[in-house]
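# Survey of secondary and tertiary structure
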Amino acid sequence: MKRLQAFKFELQPNGEQQRLMRRFSGSCRFVFNKALAMQKALYEQGEKKLGYAGLCKALTGWRNDPDTLWLGDAPVHPLQQTLKDLERAYTNFFAKRADFPRFKKKGMGDVFRYPDAKQFKIDQGNSRLFLPKLGWVRYRNSRDIVGVAKNITVSGCGGKWFASIQTEREVEQPLPTATSAIGIDVGIARFATMSDETFIAPLGSFKKHQQRLARYQRRMSRKVKFSNNWKKAKARVQKIHTGIANARKDFLHKTTTTISQNHALVCIEDLQVRNMSRSSKGTSEQPGKMVKQKSGLNRAILDQGWGEFRRQLDYKVAWNGGMLLAVPPHNTSRTCPCCGHISKDNRQTQAKFLCVDCGYENNADVVGAINVLERGYRLLACGESVQSGRSVKQEPTKATQAVFV
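Residues numbered from 1 in each chain as written. Predicted model: local features only at pLDDT ≥ 70, side-chain atom pairs only at ≥ 80, totals over all residues. Heavy atoms only, no water.

The end-to-end C-alpha separation of helix α3 (residues 76-94) is 28 Å, in line with the 27 Å expected for 19 residues at 1.5 Å each. Turning to α3, its buried residues number three or more, namely Pro78, Leu79, Gln81, Thr82, Leu83, Leu86, Glu87 and Tyr90. Directly after α3, the chain includes Lys96, whose backbone phi takes a positive value near 60 degrees. (Helix = DSSP H or I, 4+ residues; strand = E, 2+ residues; numbered from the N terminus. Expected span 1.5 Å × (residues − 1). Buried < 20%, exposed > 50% of the residue type's maximum accessible area, 1.4 Å probe, protein only.)

Now the structure itself:
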């Protein structure tokens, strides 16, 4: 089987290379916003949107336009990849997988991609990369690159630049080392509760640094915008945000690696995190209720990183020969695992579950995890799993077959 894997390294560019990378990412952002504005104008006029070929033709005109000749200083392939990203965003919107594409803002998501291996060179022995119109760029060689390099994505975050090298290689069909199955219920007080009654405490990286972050944000707000002191204050705020994100990512990687290595079948809830963390402010005509409390809940949900937790589990479980099942989340913590009685009165408090029918008592999160595992077994028996809100056929693998032996 073919495995796609990315290897990310921190770049060590010189001053000129940093300026060029900022210009290239700015050119990609300009092309994306200009193409999006064109698509929106065509839609408002009732005309058909342009495809990728039509956008590339428009890009050629922009590069030759006297007002935007500076686009010719950037490599053309990253600009074309930006148009592909816009086309993919439109496709996801019409397929109801994402919201409508939004205009990109300066300093947010500085990124450009070289899509063809013929365009770059990797000298791992000397810890350097050759990128078009940038030359040789040194990088922190922290691990070996395995497989054939397919593309390189250069991104800027927190004042640093990174290169993500996607590779492809043939690997044997993995066989699971474990034969157990586990159900997972995610939450706020407990990050993840297992069906075997163990749980993982939350990291709360944002909560730990919330007061310190607010202090530096207040200092930045007192500075004259775009002044040198304002830029220094903004860099401090960005550094705190980067530390929070890195701590959360490290925690999720360690957690998902442990789970995927110890279990052949992992069942989780098919949560729609975007809807769960939606603002409740409402409008001036219909203002929302308990806005402050909902805002705090949204902040706590996003601090957990449930979406990234599921994404990492998805590929890590598959790499270890197992299977990940996403089950419907409705009433998982209100259903008695002993008699099957469903009632909101079963969950007396946030943590206590007591069935009003048979008297079964346990922690509410443990009950939810047990029900998640049970629903996973039923879906597996039917040969179906829930992914992105729809039911798809899925054949049991050797890993999941071993669970029932």
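Moving on to the packing of aromatic side chains. In this structure the tally under the stated criterion is 14 aromatic pairs. When the ring of Tyr90 is compared with that of Phe100, the centres are 5.5 Å apart and the planes differ by 75 degrees; the resulting orientation is edge-to-face. Placement of the pair is Tyr90 in helix α3 and Phe100 in the loop between α3 and β2 (110-114), with a sequence separation of 10 residues. Ring plane angle 80 degrees and centroid distance 5.8 Å describe the contact between Phe112 and Tyr114, whose orientation is recorded as edge-to-face. Looking at Tyr114, the relative accessible area reads 1%, which means it is buried. An aromatic cluster is defined as three or more aromatic residues linked by ring pairs; in this entry it consists of Tyr90, Phe93, Phe94 and Phe100. (Phe/Tyr/Trp six-rings, centres within 6.5 Å; stacked < 30°, edge-to-face > 60°.)

Below, the discussion takes up the pairing of strand β12 (residues 323-327). The element β12 is largely enclosed, with a buried count of five among its five residues. Residues Met323, Leu325 and Val327 line one face of β12 and the alternating positions Leu324 and Ala326 line the opposite face, and both faces are buried.

Our next topic: the pairing of strand β5 (residues 135-139). The pairing of strand β1 (residues 2-12) with β5 spans two bridges and is classified as antiparallel. By the bridge assignment for β5, Gln12 is matched with Arg138. As defined by bridge partners, strand β4 (residues 128-131) adjoins β5 across four bridges and the pair is classed as antiparallel. Bridging from a neighbouring strand, Phe130 pairs with Trp136 of β5. (Pairing = 2+ DSSP bridges.)

Before going further, it helps to spend a moment on the sheet that holds strand β9 (residues 192-194). If you trace the five strands from one edge of the open sheet to the other, you get β10-β9-β8-β11-β12, paired in mixed fashion. The two strands at the open ends of the sheet, each matched to only one other strand, are β10 (199-200) and β12. Here strand β11 (residues 265-269) pairs with β12 via five bridges, running parallel. Directly across from Glu269, in β12, lies its bridge partner Val327. Of the strands in this sheet, β8 (181-186), β11 and β12 touch helix α8 (residues 306-319), which is tilted by about 145 degrees from β12. (Contact = heavy atoms within 4.5 Å. Axes fitted to C-alpha atoms, helices over the stretch in contact; angles between N-to-C directions.)

Glancing now at the confidence of the model for the protein chain. Within the protein chain, residue pLDDT values average 91, and 94% of them lie at 70 or more. Looking at the elements of the protein chain, mean pLDDT is at its lowest for strand β16 (residues 390-393), recorded as 38, and at its highest for β5, recorded as 98. Confidence drops under a pLDDT of 50 for residues 385-405, and excluding neighbours within four residues, the segment shows 52 contacts in the predicted structure. (pLDDT = per-residue confidence, 0-100.)

The next subject is the environment of Leu354. Tracing the backbone through its elements, the reader meets Leu354 in strand β13 (residues 352-354). A relative accessible area of 23% means that Leu354 is categorised as partly exposed. When sequence neighbours within four positions are dropped, the list of residues in contact with Leu354 reads Asp345, Asn346, Gln348, Gly359, Tyr360 and Glu361.

Moving on, we come to the side chain of Ser127. Within the secondary structure layout, Ser127 lies in the loop between β3 (121-123) and β4. Judged by relative accessible area, which is 15%, Ser127 ranks as buried. A distance of 3.5 Å separates a polar atom in the side chain of Ser127 from a polar atom in the side chain of Asn141. Those residues in contact with Ser127 that sit more than four places away from it in its chain are Val137, Arg138, Tyr139 and Asn141. (Polar contact = N/O pair within 3.5 Å; in protein donor to acceptor, adjacent residues only side chain to side chain.)

The next thing to look at is the nonpolar core. Formed by 37 residues in total, the largest nonpolar core has its most connected members in Leu11, Phe112, Tyr114, Leu134 and Val154. Listed in part, the 20 residues of the second largest apolar core include Val266, Leu313, Val317 and Leu324. (Core = buried A, V, L, I, M, F, W, Y, C linked by side-chain atoms within 4.5 Å.)

Another point: helix α4 (residues 205-221). Taking 1.5 Å of rise per residue, 17 residues should cover 24 Å, and α4 covers 23 Å from first to last C-alpha, within 8% of that figure. Taken as a whole, α4 has its buried residues at Ser205, Phe206, Leu213, Tyr216 and Met220. For α4, the secondary structure elements touched by its buried residues are α5 (228-262) and α7 (291-304).

Here the focus is the packing of helix α1 (residues 15-44) against helix α2 (residues 52-64). At their nearest, the axes of α1 and α2 sit 11 Å apart, and the two run at 120 degrees to each other. In terms of orientation, α1 and α2 fall into the oblique class. Every pair of crossing elements has a handedness; the one defined by α1 and α2 is right-handed. Contacts from Val31, Lys34, Ala35, Met38 and Gln39 in α1 reach Leu55, Ala58, Leu59 and Trp62 in α2. Of the residues assigned to the contact of α1 with α2, the class counts are seven nonpolar, one polar and one charged. (Parallel < 35°, antiparallel > 145°, perpendicular 65-115°, else oblique. Left-handed = near helix turned anticlockwise from the far one by under 90°. Nonpolar A, V, L, I, M, F, W, Y, C, P; charged D, E, K, R; others polar.)

Let's shift gears to the side chain of Arg113. Looking at the element boundaries, Arg113 is found in strand β2. Look at Arg113 and you get buried, because its relative accessible area is 18%. A polar contact of 3.1 Å, which involves the side chain of Arg113, links it to the side chain of Gln81. Within the structure, the side chain of Arg113 is placed 2.9 Å from the side chain of Asp85, a separation counted as a polar contact. If we ignore the near neighbours within four places in the chain, the residues touching Arg113 are His77, Pro78, Gln81, Asp85, Asn151, Ile152 and Thr153.

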